[in-house]
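Structure at a glance
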Amino acid sequence: MSRFWSDIVGRLTPYVPGEQPRLDRLVKLNTNEHPYPPSPAVLEAIAGVTGDELRRYPDPESSALKQALAQRHGLEPAQVFLGNGSDEVLAHVFQALLRHEDPLLFPDVTYSFYPVWCELYGIPWRAVPLRADFAIEPLDYDARAGAIILPNPNAPTGRLLSVDAMRRLLQRNPDAVVVIDEAYIDFGGASAVPLLAEFDNLLVVQTLSKSRSLAGLRVGMAMGSAALIEALERVKNSFNSYPLGVLAQRAALAALEDEPYFLEANRRVIASRERLVAALRLQGFEVLPSAANFVMASHPNRRAQELFTGLREQGVIVRYFSAPRIANYLRITVGTDQQCDALLAALAQLLA
Ligand SMILES: *Cc1c(COP(=O)(O)O)cnc(C)c1O
């Protein structure tokens, strides 16, 4: 606290991201990064950027990238919004679309950044409990809602909501913006994007950070009706006109154009996930069904926090949340089979 701070800054409880340690020897399974690098076309695109392009400001609208995304999803460019990572996109969404008299609803176990943005922007909110099996039930959102936001698959549970369930949620809440945060949708789930044709209150947020192996590039997007997108553009153009640099725009475009690489890299992650889940269950873990590139696992005989610390001592980092309902779970990012084997060996030692 300092006398120079504004009141709101003193009261903030910022989001704490998973640690990014320097040690290369660590098996890093804590922040849901992709275990494989991006398409080689991405690095070529970055190398192709000229000094003259870097000298100038980037295209403030990221037009080429917007066009490519619109085409990929069968939308108009005016239905696509781009930002410096989906965290920035979401921050604009909270400010532009989620602040109402009635509370914003989101699951009690979900992306822990949501309450942070509510605090930053003064948004009233209410947590809706997940069912006992950590499933989201659309009927539970039949309440006075200013808006609704949920990740699909949910984070950190990994559980997937079906397109039919999302449609029911949208049908029952026609007057509230419903945001589906699809950070992990490419690891086996079905996107809500086709529902945009039916619902003008739906906003779908995606990112290149997870399934395109580009967390370091910082590119995220939102797709929705032109009216919702215009609200985001208004906030963006009152905040930072040039959120995406030249490198990000060009590299993102190259990533989107290499569909075969994307499909194959994610197919490998999904195969490693199934292998990891089976092995964890053999060690006695209860593992939630995951459609993401991470799994939530709990052991009946060992406290998760102890396992977390023990793994760390062996050079394996996973994520532990000391939060209600998930305090006895570890969230483990799916790595390469080799990384998963290192985790399993360390766990076997701790469980012995
Ligand atoms: C990782 C993540 C994001 C943010 O990703 P960016 O790197 O900022 O694009 C958003 N929502 C959820 C649920 C995530 O897990």
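Up top you'll find the structure we're talking about.
What counts and how
- Residues numbered from 1 in each chain as written.
- Predicted model: local features only at pLDDT ≥ 70, side-chain atom pairs only at ≥ 80, totals over all residues.
- Heavy atoms only, no water.
- Pairing = 2+ DSSP bridges.
- Helix = DSSP H or I, 4+ residues; strand = E, 2+ residues; numbered from the N terminus.
- Axes fitted to C-alpha atoms, helices over the stretch in contact; angles between N-to-C directions.
- Contact = heavy atoms within 4.5 Å.
- Near = heavy atom within 4 Å.
- Polar contact = N/O pair within 3.5 Å; in protein donor to acceptor, adjacent residues only side chain to side chain.
- Areas by Shrake-Rupley, 256 points an atom, 1.4 Å probe, with all protein chains shown as cover.
- 1 Å grid on protein atoms, 1.4 Å probe; cavity = no way out; pocket = protein on both sides within 12 Å on 5 of 7 lines; lining within 4 Å.
- Sits in = over half its atoms within 2 Å of the grid points.
- Core = buried A, V, L, I, M, F, W, Y, C linked by side-chain atoms within 4.5 Å.
- Buried < 20%, exposed > 50% of the residue type's maximum accessible area, 1.4 Å probe, protein only.
- Domains from an automatic or database assignment.
- Parallel < 35°, antiparallel > 145°, perpendicular 65-115°, else oblique.
- Left-handed = near helix turned anticlockwise from the far one by under 90°.
- Nonpolar A, V, L, I, M, F, W, Y, C, P; charged D, E, K, R; others polar.

So, about the sheet that holds strand β6 (residues 177-181). Across the sheet, which stays open at both edges, the seven strands sit in the order β2-β8-β7-β6-β5-β3-β4 with mixed pairing between neighbours. Because the sheet does not close on itself, it has two edges, and the strands there are β2 (80-83) and β4 (125-128). On average, each strand axis in the sheet is inclined to that of its neighbour by 20 degrees, with strand direction left out of account. Contacts from helix α4 (residues 63-73) reach β2, β7 (202-207) and β8 (220-224), with the element oriented near 130 degrees to β2. Of the strands in this sheet, β2, β6, β7 and β8 are in contact with helix α8 (residues 226-236), which crosses β2 at around 30 degrees.

Right, let's talk about the site of the ligand for a bit. Inspection of the region around the ligand gives Gly-85, Ser-86, Asp-87, Leu-90, Tyr-111, Asp-181, Ala-183, Tyr-184, Thr-207, Ser-209, Lys-210 and Arg-218 as its neighbouring residues. Contact between the ligand and Asp-181: a nitrogen atom at 2.8 Å from a side-chain N or O atom of the residue. Residue Lys-210 places a side-chain N or O atom 3.1 Å away from an oxygen atom belonging to the ligand. Computed on the free molecule, the ligand has an accessible area of 390 Å², of which 93% lies beneath the protein chains in the complex. Given that more than half its atoms are within 2 Å of the pocket grid, the ligand belongs to the largest pocket. Top contributing element to the shell around the ligand by residue count: helix α5 (residues 86-97), with three residues.

Looking now at the nonpolar core. One recurring pattern in soluble globular proteins: nonpolar side chains tend to sit buried together. By size, the foremost hydrophobic cluster in this structure holds 49 residues, and its most contacted members are Leu-65, Tyr-141, Ile-148, Leu-150, Leu-202 and Val-219. Of all the secondary structure elements, the ones that give two or more residues to this core are α4, β2, β5 (147-151), α7 (163-172), β6, β7, β8 and α9 (246-257). Ranked by residue count, the leading element in this core is α9, at six residues. A domain-level breakdown of this core finds at least three residues from each of domain 1 (17-38 + 260-351) and domain 2 (40-257). Grouped together as the second largest cluster of nonpolar side chains are 32 residues, Leu-276, Ile-332, Ala-346 and Leu-347 included.

Turning next to the packing of α5 against helix α6 (residues 113-121). Two numbers describe how α5 lies on α6: the axes approach to 10 Å, and their chain directions differ by 50 degrees. In terms of their interaxial angle, α5 and α6 are classed as oblique. Remark: the crossing between α5 and α6 carries right-handed chirality. In this structure, α5 contributes Asp-87, Leu-90, Ala-91, Phe-94 and Gln-95 to the contact, and α6 contributes Phe-113, Tyr-114, Trp-117, Cys-118 and Tyr-121. A class-by-class count of the residues in the contact of α5 with α6 yields eight nonpolar, one polar and one charged.

Attention now goes to the sheet that holds strand β10 (residues 294-298). Spatially, β9-β10-β13-β12 is the arrangement adopted by the four strands of the open sheet, whose pairing is antiparallel. Either end of the sheet is taken by a strand with one partner, and the two such strands are β9 (286-287) and β12 (319-320). Where β12 lies against strand β13 (residues 330-333), two bridges are found, and the strand directions are antiparallel. Bridging across to β13, Tyr-320 finds its partner in Leu-330.

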